[in-house]
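Take a look at the letters that make up each chain.
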Amino acid sequence: ARTLANCIRNAQQALQQAGIAQYEIIIADNGSTDDSLQIAASFQASVVQVTTKGYGAALHAGISAAQYEWIGFADADESYNFGDLPNFLPAMQQHYSLIVGNRFAGGIDKGAMPFLHRYLGTPVISWIGRQSFGVALNDFNCGMRAIRNSAYAQLNMQSPGMEYASEMIAKAGLQRMPIAEVPVRLH
């Protein structure tokens, strides 16, 4: 509830400034008990109620409800700034199917990522992903992404938890979908 309004406002401003007139903002609610639903309604955002708990379950429900061809998503905790959405537009216009943010290229605020994740976990997982799935990504775990709706339908996503993020890239890589990486900042 403390960050949702800013996230929605940043997304609206970024899309309007980029000249995108038609868009929708979807909040996948995974059982919040604060006033997030009222905040979303005050911004005319659509709310999808998700009864299955988990990161992947929430994203899957929100993405599945989307009406437009491109879907950009990230957590609503302000760890990512939806003002970075225009960074994804050139890759969208170049017909990529999946676009993944790269926090190492865009910047990581002090204290935003634990030391072991920054210098060991994410680099190692990204290396394993490059070797295993043939994807040229340097930030396998970045949570700010965009995906073509038609490509998402082909992935047949299953994971309800945090493994969802890796499953998405692995399946896109195995299906040889064109994947791009763009800089985003982690706050």
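For the structure itself, look to the data block above.
Residues numbered from 1 in each chain as written. Predicted model: local features only at pLDDT ≥ 70, side-chain atom pairs only at ≥ 80, totals over all residues. Heavy atoms only, no water.

**Student:** Any chance you could explain helix α6 (residues 115-133) here in plain terms?
**Tutor:** Structurally, the α-helix is built with 3.6 residues per turn, so residues lying three or four positions apart point the same way. Between its first and last C-alpha atoms α6 spans 26 Å; for 19 residues at 1.5 Å apiece the expected length is 27 Å, and the two agree. At Gly121, α6 is bent by approximately 35 degrees, the largest bend along its length, and proline Pro123 sits one to four residues beyond. For α6, the set of buried residues is Thr122, Ser126 and Gly129. Where α6 is buried, its residues contact α5 (103-106). Phi for Gly134, located one or two positions after α6, is positive at around 65 degrees. (Helix = DSSP H or I, 4+ residues; strand = E, 2+ residues; numbered from the N terminus. Expected span 1.5 Å × (residues − 1). Bend = angle between axes of the 7 residues up to and from the residue. Buried < 20%, exposed > 50% of the residue type's maximum accessible area, 1.4 Å probe, protein only. Contact = heavy atoms within 4.5 Å.)

**Student:** I keep staring at the pattern of salt bridges and nothing clicks. Help me out?
**Tutor:** Opposite charge on two side chains permits pairing when their charged atoms draw close. Per the counting criterion, the structure on display carries four salt bridges. Where Asp139 meets Arg103, a salt bridge forms, and the shortest distance between an N and an O atom there is 2.7 Å. Taken together, the residues span a long stretch of sequence, with Asp139 in the loop between α6 and β5 (145-148) and Arg103 in helix α5 at a distance of 36 residues. Per residue, the accessibility class of Asp139 equals that of Arg103, and both read buried. The salt bridge involving Arg185 is made with Asp109; its shortest N-O contact spans 2.7 Å. (Salt bridge = Lys/Arg side-chain N within 4 Å of Asp/Glu carboxyl O.)

**Student:** What is the right way to read the side chain of Ser97 from this model?
**Tutor:** Mapped onto the secondary structure, Ser97 falls in the loop between α4 (89-93) and β4 (98-102). Its relative accessible area of 11% is what places Ser97 among the buried residues. Residue contacts for Ser97: discarding those within four places in its chain leaves Trp70, Ala146, Ile147, Arg148, Ala151, Met177 and Pro178.

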